Amino acid sequence: MCSPEEAALLRLEEVFSATLARINSFVLQPLLEAAPEPSDPWGRECLQLLQQLHRSSQQLWEVTEESLHSLQKRLHHPDSISLESLLLLHSADRVLQVHLEYLESYTSCVAVQAFQKAVNRRREYWQGQRKALQQLLSGMNSEGSVGTALVQALRQPLTHHVRQYVLLLLSLGDTVGERHPARELLVHAATVFGNLQSFMRQELDQAMATQALWHTLSSRLRDVLCTPAHRLLQDSQDIPVTVTPLRAERVLLFDDALVLLQGHSVYTFDLKLVWVEPGQDGCMFHLLTPEEEFSFCSKDPQGRVAWQWKVTQAVCQTLRGKKDFPVLGAGLEPSEPPTCRCGAYTFRAEGRFSQATYEGEWYWGRPHGKGTVKWPDGRNHVGDFCQGLEHGFGIRLVPQASEDKFDCYKCHWREGSMCGYGICEYSTSEVYKGYFQEGLRHGFGVLESTPQTPQPCRYTGHWERGQRSGYGIEEDGDRGERYIGMWQADQRHGPGVMVTQAGFCYQGTFQADKMVGPGILLSEDDSLYEGTFTRDLTPVGKGKVTFPNGFTLEGSFGSGAGRGLHTQGVLDTAALPPDPGSTRKRQLGLGVFPVENRWQGVYGPFQDFVQAGCPGDLREALLGFHVQSSRELRKSQEYLCFERTHPEDHAGRMEDILEELLQHRAPEALQQCLRKALNNSLHPLGKLLRTLMLTFQATYSGIGANKHLQGLAQEEVKQHAQELWAAYRGLLQVALQCKGQAPEEDEDAETRDLHVHRLVLPLVLPSFYSELFTLYLLLHEREDSLYSQGIANLSLFPDTKLLEFLDVQKHLWPLKDLTLTTNQRYSLVRDKCFLSATECLQKMITTVDPREKLEVLERTYGEIEATVSRVLGQEHKLPMDDLLPLLIYVVSRAQIQHLGAEIHLIRDMMAPIHTGGLYDFLLTALESCYEHIQKEDMRLHRLSSRWNSREPW
């Protein structure tokens, strides 16, 4: 059997449903129908609000009908339909949501006086509807306005209905026991509608206060401030407050904005970007906005508390994006607004951000965190901010005059200007990759234009305050030239080397981008000119030419249109031929550009990173971008700034990298650790190596592949290995410091060189080997050509004939190793003697490590001695007279190409500790073999009388 409360709920729903139907027929429908479409924007907005009210009223009627049906079923079948089946109980939150939507629509109409405006459009019609309204509204004054009557007609039924809900649900809850299945639902429903009653009272009061506010303002201010969303929370006319320094005449606190009125001026502040300083006493408190700071002063502490509390709760409510329920400040979330937030703001004051709109994260009134700034002129910046300035990684687009052309800066910023590593893609198709300071190129950087540009050019080197300055490499693709040398104020200035595509090499002095004073010019045919030049390297003025055959021409040189090069001077044909190596192998730049100073702009940022203690937030700014590929850098601003993987996640945290160095300090483990680090393009050491590779290729590849630059290149590689070792040592010291351990003592020069050649050089040499070995090939091309001829001729000899030709003593011939058929003779066998030593020596070209090449040579020597010992049947140590011809035999059979380049590279890169030792001795023996094979008798098959063991080798 159903309780009286349930029957009362049924009657309540029946009455409310009928009332909603009458309101729809007598009020809402007439408000929307048979009226001309308003032409003014305010009229159209009021019409939209009334349409929304009509829709929410319909939804409220539908849910009321649904609740009514559930009550009817319960009353008709109390035994089979349980109390929990009532819609008001099992769907209390859904019913609440429908009431809230209706309340929002209604209060919006009230706040902007939508009813009064609608009535004014059909005044005669509504005057005739007073009697109908009186039936809906008890106690309606016949003299009151129709607009006010409409407001009451919608308000009274709703407030009465919700109040009765609460009373009946509480009463029904008292009738059921504590263990009743519906007990929990009843308590929840009563609480929900009790909260709705409190919320509705607050909303209706705020709407009425907002409506009353508009009557106190001028029409101009009303037009500016009157919006459906505004709800007045506090007015300085109710609780007086003064604001400094603005001296506002009136202060209005809405639920989404703070408004200061001063004459005809209106200052509106979005509450999302208003900060209230906490913990203030007395009669004053402070507010902070993106551009201003205000002090609010009331007459007494109570007034200050009221204003400060209202503003604080309004800010919290705005940031949550929904109204506090049931009343302001009574939400479940913290009542103190967070200091870090997100929001959008357009700056008005003069300055860097004037008229720009910032959207993103804030901290105490300043852009702080990730955000976007957009200027009216089309510029925009996406990235990290700190205390109102660009700070950290950011991307800026700057539009250019031509349509759809932008300069794109992908850089690290510090206190509002570019500082650290960045990549700039210009609308002129140029790209700069390098370092900045105070917004200008500063430090190491590469400026490159695309090959499609009219004058393709590339500069790799140092910059100072936006200009090329210091050591740098410029390649002029249009002229086919490469300049290697010093710069000042964006011009070639100081010592420099010019290399051309035609094979010319010039070394001299530049001043203000022009050659000054004497210089030297080496041509492709090894002619040497010493004197002065024109811009295109044409001799002019006094000079001297030394030809490859030793002839010299000294005099005055000049050129003219159609005349070519002409001279007046003395040709000396009696001079002795010069040393073949003096001009052909002359090295340029040595001693002119100290190797330790050339790429200090590359080493410097790494040293700064180490000295700062390897902080993760400076890792990209000092060491370069943390991306897997260049394709990733071409992605959108939003991806690069907000979505791409953080450096700490990409290649491990710096703490992990430093910990790994501590765990691998033993020599064997250390080399494996260094190999892993150098092979990883995202590791600090790997990044440094790749930048050094870039500088090396920019200098010595392509046009720079000139034999006269080999000396510069080989000392540069050794310097890079030394700097990488110093970089490792720097990281290790930081790792020890982080663990509270004592730092390692400084190394002496000898120990450092030992570690560099044993641990680092073998690991880094492969990165530079292609360009470096090419220079050795070019430098020793002539000797290698003679060597190749000698090898080709010696390869025609069968084994026994070649051993005889080389004057190898017959008792050392390994004839026992030859297995002959019945029709074979010893004189026909080829490539069978000393086969193990030959195959061992051929392995020299399978590695780039000088030490491993020397180990191959040592094993080859061992294989020769082992073969001789087997032939003699006893262990035998070869004297020098016997070793050299046998080694020549093995070298001739191994047929290693470019042996001269190999030997000289090994000699230059060999660790100093091996000088005078076994490796030095074996390398000297190999050099002697190489020189003997180049001799004329080796190349022309002429047998020498006897081997001259006293000949230097």
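Predicted model, so just to flag it, every value in this text is computed and none were measured.

This brings us to the overall build of the chain. What the chain contains, in helices and strands, is 31 helices and 27 strands. Against the compact-globule benchmark of 30 Å for 953 residues, the chain has a radius of gyration of 46 Å, which places it well outside the compact range. Each principal axis of the C-alpha atoms in the chain carries an extent, and together these give about 145 × 75 × 55 Å. In the chain, which comprises 953 residues, the proportion classed as buried is 50%. For the chain, contacts bridging at least 24 residues in sequence account for 53% of all contacts bridging at least 6.

Overall, antiparallel pairing links the four strands, which are arranged E1-E3-E4-E5 in an open sheet. Unpaired on one side and paired on the other, strand E1 (232-235) and strand E5 (265-270) mark the two borders of the sheet. The mean angle between the axes of side-by-side strands here comes to 20°, regardless of whether they run parallel or antiparallel. With respect to the sheet, helix H9 (residues 183-214) is in contact with E1 and strand E3 (250-254), its orientation differing from that of E1 by roughly 55°. Those strands touched by helix H11 (residues 301-320) are E1, E3 and E5, and its axis lies near 40° from that of E3.

Residue position: Thr 546 is located in strand E25 (residues 539-546). Looking at Thr 546, the relative accessible area reads 14%, which means it is buried. Apart from the residues lying within four places of it in its own chain, the contact partners of Thr 546 are Asp 526, Ser 527, Leu 528, Phe 551 and Thr 552.

This next bit is on the sheet that holds strand E6 (residues 275-276). One open sheet accounts for four strands, arranged E2-E8-E7-E6; its pairing is antiparallel. A strand with exactly one partner marks an edge of an open sheet, and here the two such strands are strand E2 (241-244) and E6. Alignment of strand E7 (residues 284-288) against strand E8 (residues 293-298), held across five bridges, turns out to be antiparallel. Within the sheet, the bridge partner assigned to Leu 287 lies in E8 and is Phe 294. Each of E2, E6, E7 and E8 is contacted by H11, which is oriented at about 25° to E7, the strand it contacts most.

With 78 residues, the main nonpolar core has Leu 674, Leu 685, Leu 731, Val 764 and Leu 772 as its most contacted residues. Beyond its immediate chain neighbours, meaning those up to four positions away, Val 764 contacts Leu 678, Leu 689, Ala 721 and Leu 724. Of all hydrophobic cores here, the second largest spans 76 residues; its members include Leu 83, Leu 96, Ala 149 and Trp 214.

The next point concerns unusual backbone geometry. For the peptide bond that leads from Thr 244 to Pro 245, omega is 10°, which places it in the cis range. A positive phi angle, close to 55°, is found at Cys 614, a residue other than glycine. Relative accessible area serves as the criterion here: at 5%, Cys 614 is assigned to the buried category. The backbone of Gln 895 shows a phi angle near 55°, a positive value even though the residue is not glycine. With respect to the element layout, Gln 895 can be found in the loop between helix H28 (880-894) and helix H29 (899-909).

A few words on the pattern of salt bridges. Applying the stated rule across the entire model yields 37 salt bridges. Lys 707 serves as the salt-bridge partner of Asp 526, at 3.0 Å between the closest nitrogen and oxygen. Taken together, the positions of Asp 526 in the loop between strand E23 (514-522) and strand E24 (528-533) and Lys 707 in the loop between helix H21 (684-700) and helix H22 (710-738) put the pair 181 residues apart, joining distant regions of the chain. Residue Asp 526 is classed as buried on the basis of its relative accessible area, which comes to 8%. Three or more residues are tied together by salt bridges with common partners; here these are Glu 203, Asp 255 and Lys 323.

For the rest of this paragraph, the subject is the pairing of strand E4 (residues 257-262). Here E4 lies mainly inside the structure; five of its six residues are buried. Looking at chain direction, E3 and E4 are connected through four bridges and run antiparallel. Bridge pairing in E4 places Arg 250 opposite Leu 261. Counting the residues that bridge the hairpin from E3 to E4 gives two residues. With six bridges joining them, E4 and E5 adopt antiparallel strand pairing. Note on E5: the bridge partner recorded for Leu 261 is Val 266. Two successive antiparallel strands, E4 and E5, enclose a turn made up of two residues, where Gly 263 displays a positive phi of approximately 65°.

Interhelical geometry of helix H20 (residues 667-679) versus H21 gives an angle of 60° and a closest axis separation of 6 Å. By the criterion of interaxial angle, the relationship of H20 to H21 is oblique. The two elements H20 and H21 meet at a crossing, and its hand is right-handed. Where H20 approaches H21, its residues Leu 674, Ala 677, Leu 678 and Asn 679 are matched on the opposing element by Leu 685, Gly 686, Leu 689 and Arg 690. Residues belonging to the contact of H20 with H21 are distributed by class as follows: five nonpolar, two polar and one charged.

In helix packing, the relevant descriptors are the interaxial angle and the interaxial distance, both defined with respect to the helix axes. The geometry of helix H24 (residues 781-794) relative to H28 is characterised by a closest axis approach of 9 Å and an angle of 95° between their N-to-C directions. Of the possible angle classes, the one that applies to H24 and H28 is roughly perpendicular. Where H24 approaches H28, its residues Tyr 787, Ile 791 and Leu 794 are matched on the opposing element by Val 891, Ser 892 and Arg 893. Residues that form the contact of H24 with H28 fall into these classes: four nonpolar, one polar and one charged.

Here we come to the environment of Ala 248. Position of Ala 248 among the secondary structure elements: in the loop between E2 and E3. Placed 675 residues apart in sequence, Ala 248 and Leu 923 show a C-alpha to C-alpha distance of 92 Å.

What follows covers the pairing of strand E15 (residues 417-425). Of all nine residues making up E15, seven are buried, and the element is well covered by its neighbours. Here strand E14 (residues 406-414) pairs with E15 via six bridges, running antiparallel. Residue pairing across strands places Cys 411 opposite Gly 422, the latter belonging to E15. Linking two consecutive strands that pair antiparallel, namely E14 and E15, is a turn of two residues; a positive phi of about 50° is found at Glu 415 within it. For E15 and strand E16 (residues 430-437), the ladder comprises six bridges, and the chain directions are antiparallel. What sits directly across from Glu 425, in E16, is Val 431. A loop of four residues connects E15 with E16, the two strands running antiparallel in sequence, and Ser 429 in this loop sits at a positive phi of about 75°.

Quick look at the packing of aromatic side chains now. Two aromatic rings are characterised by how far apart their centres lie and by the angle between their planes. Considering all chains together, one arrives at 35 aromatic pairs under this definition. Arranged with centres 5.2 Å apart and planes meeting at 80°, the rings of Tyr 432 and Phe 436 form a pair that is edge-to-face. Tyr 432 sits in the buried class, given a relative accessible area of 0%. In textbook terms, an aromatic cluster arises when at least three aromatic residues are bridged by ring pairs, as seen for Trp 275, Tyr 345, Phe 347, Phe 353, Tyr 358, Trp 362, Trp 375 and Phe 385. Of note, Arg 379 hangs over the ring of Trp 375, and the distance from its end group to the ring centre comes to 4.4 Å.

This brings us to the state of the cysteines. Put plainly, a disulfide is one covalent bond tying together the sulfur atoms of two cysteines. Here the structure, examined in full by the defined rule, presents zero disulfides. Free of any disulfide, Cys 408 has its nearest neighbouring cysteine sulfur in Cys 424, separated by 8.0 Å. The cysteine Cys 411 is free of any disulfide, with Cys 424 supplying the nearest cysteine sulfur at 3.8 Å.

Procedures and definitions
Every chain is numbered independently, its residues counted from 1 as its sequence is written. Note on the predicted model: pLDDT of at least 70 is required for a residue's local features to be given, and 80 or more for side-chain atom pairs to be given and counted; whole-chain, interface and lining totals, by contrast, use all residues. Only hydrogens and water are set aside when side-chain values are computed; all heavy atoms of the structure are taken into account. Starting at the N terminus, helices and strands are each numbered in turn, a helix being any DSSP run of H or I of at least four residues and a strand any DSSP run of E of at least two. Throughout, the radius of gyration refers to the C-alpha atoms, and the reference size of a globule is 2.2 Å times the residue count to the power 0.38. Note on exposure labels: buried denotes an accessible area under 20% of the residue type's maximum, exposed denotes more than 50%, and partly exposed covers the range between, all computed with a 1.4 Å probe on protein chains only. Contact between two residues is taken to exist if any of their heavy atoms lie within 4.5 Å; hydrogens are not considered. Strands are labelled as partners when DSSP assigns at least two bridges between them. Axis definition: a line fitted to C-alpha atoms, over the contacting stretch in the case of helices. Angles run 0 to 180 degrees between N-to-C directions. What makes a nonpolar core is a set of buried Ala, Val, Leu, Ile, Met, Phe, Trp, Tyr and Cys residues whose side-chain atoms join them at distances within 4.5 Å. Here, a salt bridge means any Lys or Arg side-chain nitrogen found within 4 Å of an Asp or Glu carboxyl oxygen. Oblique is the label for any angle not under 35 degrees, not over 145, and not in the 65 to 115 range, which are roughly parallel, roughly antiparallel and roughly perpendicular in turn. In this scheme the handedness of a crossing depends on how the near helix is turned from the far one: anticlockwise by less than a right angle means left-handed, clockwise means right-handed. Lys, Arg, Asp and Glu make up the charged group, whereas Ala, Val, Leu, Ile, Met, Phe, Trp, Tyr, Cys and Pro make up the nonpolar group; the residues left over, Gly among them, are polar. Aromatic rings from Phe, Tyr and Trp, with only the six-membered ring used for Trp, were paired whenever their centres fell within 6.5 Å, and each pair was classed as stacked if the ring planes differed by under 30 degrees, edge-to-face if by over 60, and tilted otherwise. As a reminder, the over-ring test applies to NZ of lysine and CZ of arginine, requiring each to be within 6 Å of the ring centre and within 35 degrees of the ring normal. Only a pair of cysteine sulfur atoms within 2.5 Å counts as a disulfide in this structure description.

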